[in-house]
Amino acid sequence: MIILSWLVVFLLGLSFVSLIAQEIGAAEKIGFSFPMGMGIQSIIMFLLDVLHFPVNNNWTLLVFQLLLIALFEWIKYKKQDAPSLSGLTVPKISVKWDTIRALNFTWLLLISITLFVVFAIVFKTLAWPVFIYDSLTGYDFLAKAIAREGTIHNSIFDPDYPLYTVRCLYPPLVPYNFAYAHITGLASSKIVDVFYYLSIYLVFYAYLKRHTTHLAAAFFSLLLAVTPEFAAFSALSSPNPPTTFYVAIGILSLIIWYNEDQKSYLHLGIVLIAFGLWTRTESIIFAIPGGVLILLKSLHQKEYQPLIAYSVITVFSLFIWQWYTSAVLDVHEGLPLVKTLYWDPGKLSRMMKQVRWVTFKPNYYGITVFLFLVLIALNAINIIKKKDQLVLLSVIFSAWGLYMIIFYQIKTDYMPNQTTWITSGYRRGFFYFLPPILYYCANNRLVRSLFRRIDVFNGSR
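The paragraphs below set out a description of the structure included in this document. Residues take numbers from 1 onward in each chain, read along the sequence in its written order. In keeping with the predicted nature of the model, local features appear solely for residues at pLDDT of at least 70, side-chain atom pairs appear and are counted solely at 80 or more, and the whole-chain, interface and lining totals rest on all residues. Hydrogens are left out, water is left out, and the side-chain values use all remaining heavy atoms of the structure.

Quick look at the overall build of the chain
At step 1: Every helix listed is a DSSP run of H or I at least four residues long, and every strand listed is a run of E at least two residues long, numbered separately from the N terminus. When helices and strands are counted, the chain shows 22 helices and 0 strands.
At step 2: Since a compact globule built from 461 residues should have a radius of gyration of about 23 Å, the 22 Å found for the chain is in line with a globular shape.
At step 3: Summarising its shape, the C-alpha atoms of the chain cover approximately 70 × 60 × 50 Å along the three principal directions.
At step 4: Throughout, exposure labels follow a simple rule: accessible area from a 1.4 Å probe, protein chains only, divided by the maximum for the residue type, with under 20% read as buried, over 50% as exposed, and the rest as partly exposed. The buried share of the chain, taken over its 461 residues, is 54%.
At step 5: Whether two residues are in contact is decided by their heavy atoms, any of which lying within 4.5 Å being enough. Considering only contacts in the chain between residues 6 or more positions apart, those separated by 24 or more positions represent 78%.
At step 6: By element, 68% of the accessible surface of the chain is carried by carbon and sulfur atoms, the whole surface being about 21400 Å².
At step 7: For the chain, the centre of its 35 positive side-chain charges and the centre of its 23 negative side-chain charges are spaced 11 Å apart. C-alpha atoms define the radius of gyration in this analysis, and the globule rule sets the expected value at 2.2 Å times the number of residues to the power 0.38. Per-residue accessibility takes into account occlusion by the displayed protein chains alone, with areas from the Shrake-Rupley method and a 1.4 Å probe. Charge assignment in this entry is limited to Lys and Arg as positive and Asp and Glu as negative, and neither His nor the chain termini are counted. The atom standing in for a charge is NZ when the residue is Lys, CZ when it is Arg, CG when it is Asp and CD when it is Glu.

As structure tokens, then:
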């Protein structure tokens, strides 16, 4: 029953992706399947919750999942685009001596190292129970209550004896899927983390390969997989790695659409950013630049449907949970923000000192940040004269600037040893920037030229 339940989630995501993004490759479709399936699964559970149906009956959830799969397949059939469930074709495999002789053994080495690291992270994830404080008192705690009582509006929100913490008040995509793991009979909810970690590697590799060589895609995907703090948290029970998938891959999808005008990536970007907001509210730092991209493209093409769709879906995703926590859960707490603009140079200086310490700490992000800044410097001429990846860089720095504004507006003075907003919150939130940063590192004019020369030297095809 456990295998069947998660297989249906996979097929739900695969069917949906094949409907909205038919032109993307098979690897991308497979990589998107679990995250999309779990996003839709959380919507199913939320709607049942709002309608006062219990969400802890696995058979009820399976029925709704199968009905949605049937609906997606029917729509595809009517469009006469992709009548099969997966939308995938099985390639003919023929191995020739020329192919073997041209095989890039450096690529094989990088992939082997990556697979070893991925296996180690997956094993660590599944071998250890949930033990981090944030999950024990928040995400997994709420998930267990949902699985037991059949609703997110459960006894931990009892006003006479409240047990919830601020970690229970984040949007419910992750708690619902953690709950689904418990509902299906798993002893731990950490299988959800495994699916996101595997998915982001697969999709990121596929996205890199669109414009770079297989060797470059393998190298920079490896850098993402082994980034110390990201790898560590991918083995824990945290919503930050899932949010990384949604917002980082979502904004990369919008950038691909902006540059290449392929509608499949527009559809993916809209859905992924919405799911990011449905996971953690700070995803708005990427939702805003994403909206600007769509606005600029809409003004240029004089076609405003994408802008309207993006605005409606993301705004609804952002505010529906705020409404639910206030109107249904009767909880009015939130991030302690100063709601008026002000200027405090001392606070800003102290905050940025902590930001610099976290951002440039190799124990957290390895060489990623240093490599990014060095490649910007080396590629400066191409950026200025040829506008090489200027859109991507603009999105990265504007999102980071918005993130700094949020932390600056928090009600704290950032005095030493008095706050962990930067050393904890920002440290994990910086995961969202890692895929776009590494995408730039792999996909700028200088590095693309370098890896193509390496391929020519190695005789790769």
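Don't stop here, the text continues.
Description of the pattern of salt bridges
At step 1: By definition, a salt bridge exists where a carboxyl oxygen of Asp or Glu is found within 4 Å of a side-chain nitrogen of Lys or Arg. One pass over the structure, following the stated rule, counts 9 salt bridges.
At step 2: In this structure, the salt-bridge partner of K76 is E73, at a minimum N-O distance of 2.7 Å. Of this pair, K76 and E73 are both found in helix α3 (residues 58–79), 3 residues apart, which corresponds to roughly one turn of the helix.
At step 3: Here R210 and E260 are joined by a salt bridge, their closest N and O atoms 2.3 Å apart. Residue R210 is located in the loop between α8 (191–209) and α9 (214–226), and its partner E260 is located in helix α11 (residues 240–260); the two are separated by 50 residues in the primary sequence.
At step 4: Of the residues examined, R210 reaches a relative accessible area of 28% and is grouped as partly exposed.
At step 5: Under the relative-accessibility criterion, E260 is labelled partly exposed at 27%.
At step 6: Bridged by salt links that share partners, the residues D134, R167 and R428 form one connected network.

Remarks on α11
At step 1: With 21 residues, α11 extends 29 Å between its outermost C-alpha atoms, agreeing within 8% with the 30 Å of an ideal straight helix rising 1.5 Å per residue.
At step 2: Burial runs high along α11: 18 of the 21 residues are buried.
At step 3: Backbone geometry just downstream of α11 places D261 in the positive-phi region, at approximately 60°. By this rule, a helix spans an expected 1.5 Å times one less than how many residues it contains.

What about the packing of helix α1 (residues 2–20) against helix α12 (residues 263–277)?
At step 1: Put simply, α1 and α12 touch, their axes get as near as 9 Å, and they point 135° apart. In terms of orientation, α1 and α12 fall into the oblique class. Two secondary-structure elements touch here, α1 through F16, V17 and I20 and α12 through S264, H267, L268 and V271.
At step 2: Classification convention: Asp, Glu, Lys, Arg as charged; Ala, Val, Leu, Ile, Met, Phe, Trp, Tyr, Cys, Pro as nonpolar; all other residues, Gly among them, as polar. Here the residues of the contact of α1 with α12 sort into 5 nonpolar, 2 polar and no charged. An axis is simply a line fitted to the C-alpha atoms; with a helix, the fit covers only the stretch in contact. Between two such axes, the angle follows the N-to-C directions and lies from 0 to 180 degrees. Orientation categories follow fixed angle ranges, with anything under 35 degrees roughly parallel, anything over 145 roughly antiparallel, 65 to 115 roughly perpendicular, and all other angles oblique.

Thoughts on the environment of S135
At step 1: For S135, the location among the structural elements is in helix α6 (residues 133–149).
At step 2: The class for S135 is buried, based on a relative accessible area of 0%.
At step 3: Through-space distance from the C-alpha of S135 to that of A27 is 31 Å; in sequence the pair is 108 residues apart.
At step 4: Dropping the residues within four chain positions of it, S135 is found in contact with V130, D140, F141, F178 and S237.

With respect to the packing of helix α17 (residues 368–378) against helix α21 (residues 434–443)
At step 1: Relative orientation of the contacting elements α17 and α21 amounts to 40°, with a least axis distance of 9 Å. Here α17 is positioned oblique relative to α21, judged by the angle of their axes. Two packed elements cross with a definite hand, and for α17 against α21 that hand is left-handed. Taking contact as the criterion, the partners of T368, L371, F372, L375 and I376 in α17 are, on α21, L434, I437, L438, Y440 and C441.
At step 2: Tallied by class, residues from the contact of α17 with α21 come to 9 nonpolar, 1 polar and no charged. If you view the pair so one helix is near and one far, a crossing is left-handed when the near helix is turned anticlockwise from the far one by less than a right angle, and right-handed when it is turned clockwise.

Considering unusual backbone geometry
At step 1: Backbone geometry at Q389 places phi at a positive 55°, although glycine is not the residue there.
At step 2: In this structure, Q389 sits in the loop between α18 (380–386) and α19 (390–409).
At step 3: At Y414, a residue that is not glycine, the phi angle is positive and equals roughly 55°.
At step 4: Checked against the element boundaries, Y414 lands in the loop between α19 and α20 (421–429).
At step 5: Using a relative accessible area of 1% as the deciding quantity, one classes Y414 as buried.

What to know about the side chain of N240
At step 1: Its location among the elements puts N240 in helix α11.
At step 2: When its relative accessible area of 2% is taken as the criterion, N240 is described as buried.
At step 3: Polar contacts here mean pairs of N or O atoms no more than 3.5 Å apart (in protein, one a potential hydrogen donor and the other a potential acceptor; neighbouring residues in sequence count only if both atoms are side-chain atoms). There is a polar contact of 3.0 Å between the side chain of N240 and the side chain of S238.
At step 4: Excluding its chain neighbours within four sequence positions, the residues that come into contact with N240 are R280, E282, R428, G429, F431 and Y432.

Quick look at the layout of surface pockets
At step 1: A cavity here means a set of 1 Å grid points, computed over protein atoms only, where a 1.4 Å probe fits but cannot escape. A pocket is an open set with protein on both sides within 12 Å along at least 5 of 7 lines, and lining residues have an atom within 4 Å of a point. Grid points are joined across faces, edges and corners, and a volume is the space filled by probe spheres set on the points. Roughly 470 Å³ of volume is contained in the second largest pocket.
At step 2: Lining the second largest pocket are 17 residues, and of these I43, A274, F275, I313 and F316 lie nearest its centre.
At step 3: Elements that contribute at least two residues to the lining of the second largest pocket include exactly α2 (26–50), α3, α12 and α14 (305–327).
At step 4: Looking at the lining of the second largest pocket, its residues break down into 16 nonpolar, 1 polar and no charged.

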